[in-house]
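The lines below spell out each chain.
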Amino acid sequence: MKKRVGFIILCSALISLLLAPWAQVEAAPPGIRTNAVGASLIDVESGRILYSEKGDTPMRIASLTKIMTAIIAIEQGKLNDKVKVSKTAFGKEGSSIYLKLGEEMRLHDMLYGLMLRSGNDAATAIAENVGGSVEGFVYLMNEKARSLGMDHSHFTNPSGLDEGEGHRSSPNDMAKLTAYALKNPVFKEIVSTKLKKVPNPNEAWDYSWLNKNKMLSLFEGADGVKTGYTKLAKRCLVSSATRNGQQLAVVTLNDGDDWADHARLLQYGFTYYPLQTIVGKGDAVEGTPWVAGRTFSYPLAEGEASQLTHQVKLVDPSSTAYRLAERGSIQFSLQQQLIQSVPLYDKASPLLQAQSQSTFSFQESKPYQETLLTHYSLICRMLIQELFSISRSEWAD
């Protein structure tokens, strides 16, 4: 009996030793929670949602709405055009940049007032200028949401004020929108600005706008995006940060401890989902005479690299794509779900402005390592900011 028990123990130990390496490879990132009713963490380049809580639930979003307002204005407006302040825009309730009735300001400058100070007067003036009317601009907002696959969103105004019912978006939808907007250089520059001075036609001094987004000072690498608050929506925040060439964005809705939650979620993403190069532009694809048409990078948790698969699909020689130099595509899947398709070209194709000489291979990047010093520094910055923080009334967007 003792020999039998000893044999079972020995077998169990051997099985454990054999399975241990696999357990390490397949280890999932630890769980994480926030104080938010809804939250989402996204990798900006790939669009992969790394964490979400009630990600597809429509909620009030307050002035996070202005992310949509800004990107539409940048894409469809003329940045050097003068925007005139109408009666509707003048004295708009909530947060304001205190524009005067009839005042004119360059659209590009007004966008800073919109995003840094969350001016509702600026939002209305911009909407009237770009959309012809607030109603016309709202139509553009909903069309943009539809084109981006924001299936759980509906906009009724350009500011995010609790005017009527139906103005909603979900954490994942706002994450998608933010990732899209951050790829626009004008938007990216505006939301990363801490202080902006703009000519003031009414006074001898310039407008001086300090960004309400304290994450720009609290978190190493922070570079956006927008604060929001109404009595019904409560505290809302979208933040972004870039480290080691990877940009992440976080959305929290109705979160009483959002600064701390955003720091934790951003750190979580950088630590457990580092962006990794899967194939580089110009890399030769094994088994074919072609090369990858562009670089593809993707955030992967530990062990996920082994779950990546790829297959090559050829382009019909009689198709328009073939005549435009595309020879096929290499399609990447994670856990049997397609995540990206990269075009293939001839090595001498003029579409390849610069190409590497390497053969396609998976290249792991090093995850961001948080040191005791950076952790201590973050805590100190957060404490200092809270001690001298503005009153909550300044959050009323």
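Source: prediction; values computed, not measured. (Residues numbered from 1 in each chain as written. Predicted model: local features only at pLDDT ≥ 70, side-chain atom pairs only at ≥ 80, totals over all residues. Heavy atoms only, no water.)

Engineer: If you had to explain the overall build of the chain to someone new, which residues and values would you point to?
Structural biologist: Each helix and strand in the chain was counted, giving 11 helices and 15 strands. Expressed as a percentage of its 397 residues, the buried residues of the chain come to 48%. Of the contacts formed within the chain by residues at least 6 apart in sequence, a portion of 65% connects residues at least 24 apart. Of the accessible surface of the chain, which amounts to about 19,600 Å², a share of 55% is contributed by carbon and sulfur atoms. (Helix = DSSP H or I, 4+ residues; strand = E, 2+ residues; numbered from the N terminus. Buried < 20%, exposed > 50% of the residue type's maximum accessible area, 1.4 Å probe, protein only. Contact = heavy atoms within 4.5 Å. Areas by Shrake-Rupley, 256 points an atom, 1.4 Å probe, with all protein chains shown as cover.)

Engineer: Tell me about the confidence of the model for the chain, and name the residues and values.
Structural biologist: Taken as a whole, the chain shows an average pLDDT of 87; of its residues, 82% reach a score of 70 or greater. Within the model, pLDDT remains below 50 along residues 1-26, and this stretch shows seven contacts once partners closer than five positions in the same chain are excluded. Across residues 363-374, confidence stays below pLDDT 50; counting only partners more than four residues off in sequence or on other chains, it has 21 contacts. (pLDDT = per-residue confidence, 0-100.)

Engineer: Can you lay out the sheet that holds strand β2 (residues 49-53) for me, pointing to particular residues and giving the numbers?
Structural biologist: Strand pairing within a sheet occurs via backbone hydrogen bonds; the two strands may be parallel or antiparallel. What the five strands build is an open sheet, ordered β2-β1-β9-β8-β7; its pairing is antiparallel. What marks the edges here is a single partner per strand, and that holds for β2 and β7 (222-230). Pairwise comparison of adjacent strand axes, ignoring direction, gives a mean angle of 5° for this sheet. Here β7 pairs with strand β8 (residues 234-243) via eight bridges, running antiparallel. The residue of β8 that forms the bridge with Lys226 is Val238. (Pairing = 2+ DSSP bridges. Axes fitted to C-alpha atoms, helices over the stretch in contact; angles between N-to-C directions.)

Engineer: So what's going on with the packing of aromatic side chains? Residues and values would help.
Structural biologist: Enumeration according to the criterion identifies five aromatic pairs in this entry. Ring geometry for Tyr268 against Tyr272: centres 5.3 Å apart, planes inclined by 50°, an arrangement best described as tilted. Note that Tyr268 and Tyr272 are positioned in helix α9 (residues 258-272) at a spacing of four residues, about one turn of the helix. Among the residues examined, Tyr272 registers a relative accessible area of 34% and is labelled partly exposed. When the ring of Phe296 is compared with that of Tyr298, the centres are 5.9 Å apart and the planes differ by 50°; the resulting orientation is tilted. Each member of the pair, Phe296 as well as Tyr298, is classed as buried. Three or more aromatic residues joined by ring pairs form one cluster here, namely Tyr268, Tyr272 and Tyr273. Residue placement shows Lys196 over the ring face of Tyr112; its charged tip is 4.4 Å from the ring centre. When the ring centre of Tyr322 is taken as reference, the NZ or CZ atom of Arg327 above it lies at 4.0 Å. (Phe/Tyr/Trp six-rings, centres within 6.5 Å; stacked < 30°, edge-to-face > 60°. Lys NZ or Arg CZ within 6 Å of the ring centre and 35° of its normal.)

Engineer: I'd like a description of the packing of helix α2 (residues 65-76) against helix α3 (residues 107-116), backed by residues and values.
Structural biologist: The geometry of α2 relative to α3 is characterised by a closest axis approach of 10 Å and an angle of 170° between their N-to-C directions. Between α2 and α3, the crossing angle belongs to the class labelled roughly antiparallel. When α2 is examined against α3, the residues Lys66, Ile67, Thr69, Ala70, Ala73 and Ile74 are found in contact with a partner set consisting of Leu107, Leu111, Leu114 and Met115. (Parallel < 35°, antiparallel > 145°, perpendicular 65-115°, else oblique.)

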